[in-house]
Amino acid sequence: QKEVEQNSGPLSVPEGAIASLNCTYSDRGSQSFFWYRQYSGKSPELIMFIYSNGDKEDGRFTAQLNKASQYVSLLIRDSQPSDSATYLCAVNPGVTGGGNKLTFGTGTQLKVEL
Amino acid sequence: DGGITQSPKYLFRKEGQNVTLSCEQNLNHDAMYWYRQDPGQGLRLIYYSQIVNDFQKGDIAEGYSVSREKKESFPLTVTSAQKNPTAFYLCASSITVSGANVLTFGAGSRLTVL
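Quantities reported herein were computed from a predicted structural model and do not represent experimental measurements.

Criteria and cut-off values
- Sequence positions are assigned chain by chain, starting from 1 and proceeding in written order.
- Following the order in which they are written, the chains are lettered starting with A and the ligands numbered starting with 1.
- Residue-level local features of this predicted model are given only where pLDDT is at least 70; pairs of side-chain atoms are given and counted only at 80 or more, and the full residue set underlies all totals for whole chains, interfaces and linings.
- Hydrogens and water are ignored here; the side-chain numbers use all heavy atoms of the structure.
- One speaks of a salt bridge when a side-chain nitrogen belonging to Lys or Arg is within 4 Å of a carboxyl oxygen belonging to Asp or Glu.
- Secondary structure elements are taken from DSSP: a helix is a run of H or I of four residues or more, a strand is a run of E of two residues or more, and numbering for both begins at the N terminus.
- Buried, partly exposed and exposed residues are distinguished by accessible area as a fraction of the type maximum, computed with a 1.4 Å probe on protein chains only: under 20%, between the cut-offs, and over 50%, respectively.
- To pair, rings of Phe, Tyr and Trp, with the six-membered ring standing in for Trp, must have centres within 6.5 Å; the planes then decide the type, stacked if under 30 degrees apart, edge-to-face if over 60, and tilted in the middle.

> Quick question: what am I supposed to make of the pattern of salt bridges here?
A side chain with one charge can pair with a side chain of the opposite charge if their charged atoms come near. A full pass over the atoms with the stated rule returns 6 salt bridges over all chains. The residue Arg60 of chain A makes a salt bridge to Asp83 of chain A at a minimum N-O spacing of 2.9 Å. One end of the pair, Arg60 of chain A, is in the loop between β6 (54-58) and β7 (61-66); the other, Asp83 of chain A, is in the loop between β8 (71-76) and β9 (85-92), with 23 residues separating them in the sequence. In this structure Arg60 of chain A comes out as partly exposed when scored by relative accessible area, which is 27%. The closest approach of N and O atoms between Asp38 of chain B and Arg44 of chain B, which form a salt bridge, is 2.7 Å. Given a relative accessible area of 30%, Arg44 of chain B falls into the partly exposed group.

> Looking at this model, I keep getting lost on the packing of aromatic side chains. Mind explaining?
Residues and elements named next belong to chain A. Tallied over the full model, the rule gives 12 aromatic pairs over all chains. Look at Tyr25 and Phe33: their rings are 4.7 Å apart centre to centre, the planes differ by 45°, and that puts the pair in the tilted class. Among the residues examined, Tyr25 registers a relative accessible area of 4% and is labelled buried. Note on Phe33: relative accessible area 0%, which makes it buried.

In structure tokens:
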């Protein structure tokens, strides 16, 4: 089982719709969870992070964390063509997982269509 | 502007040659990281350093070496022992925000073996 799993996609949504990206993780002791956006040929950029159960909102983005079910999701409201990118989920493992290292999923490709 | 500078952006290497990728940060971050990204794969950790003069192997350290003589600098050497070095290399540094280890990435270096 991979430590951090994401559906590779592509996930296609029409402009203005809500895009929902999901991520599951295996280390139950994981402490914090990150979403990065990566445009083709570029480096990842942090969108947001979450460490408490529930929702965290930042503009059009909402991260949702459910530690009991070991999943984290990212909702993008009013999707725009400029949101078309690969979204990487990353997890900061618990103490037994090596402290401050982040483990990344393989990413979900999002395509927002006009 | 504070940030992470990676050089060169593109690098071509003949088989059997060692090459060194530069990473410099002016963010005053203690921790620095090197990740490798292959097409369709997530980021895999090569080496990381949490303080000057100390570094640890990541998940795929074989064929790579690093040094951390200054807080600002964390160069990566890809040795001839690395059998499949063609990849996108990402350097990052991190700071703790609300208990979460937040990584910021450089623009990346793309290495191609001829």
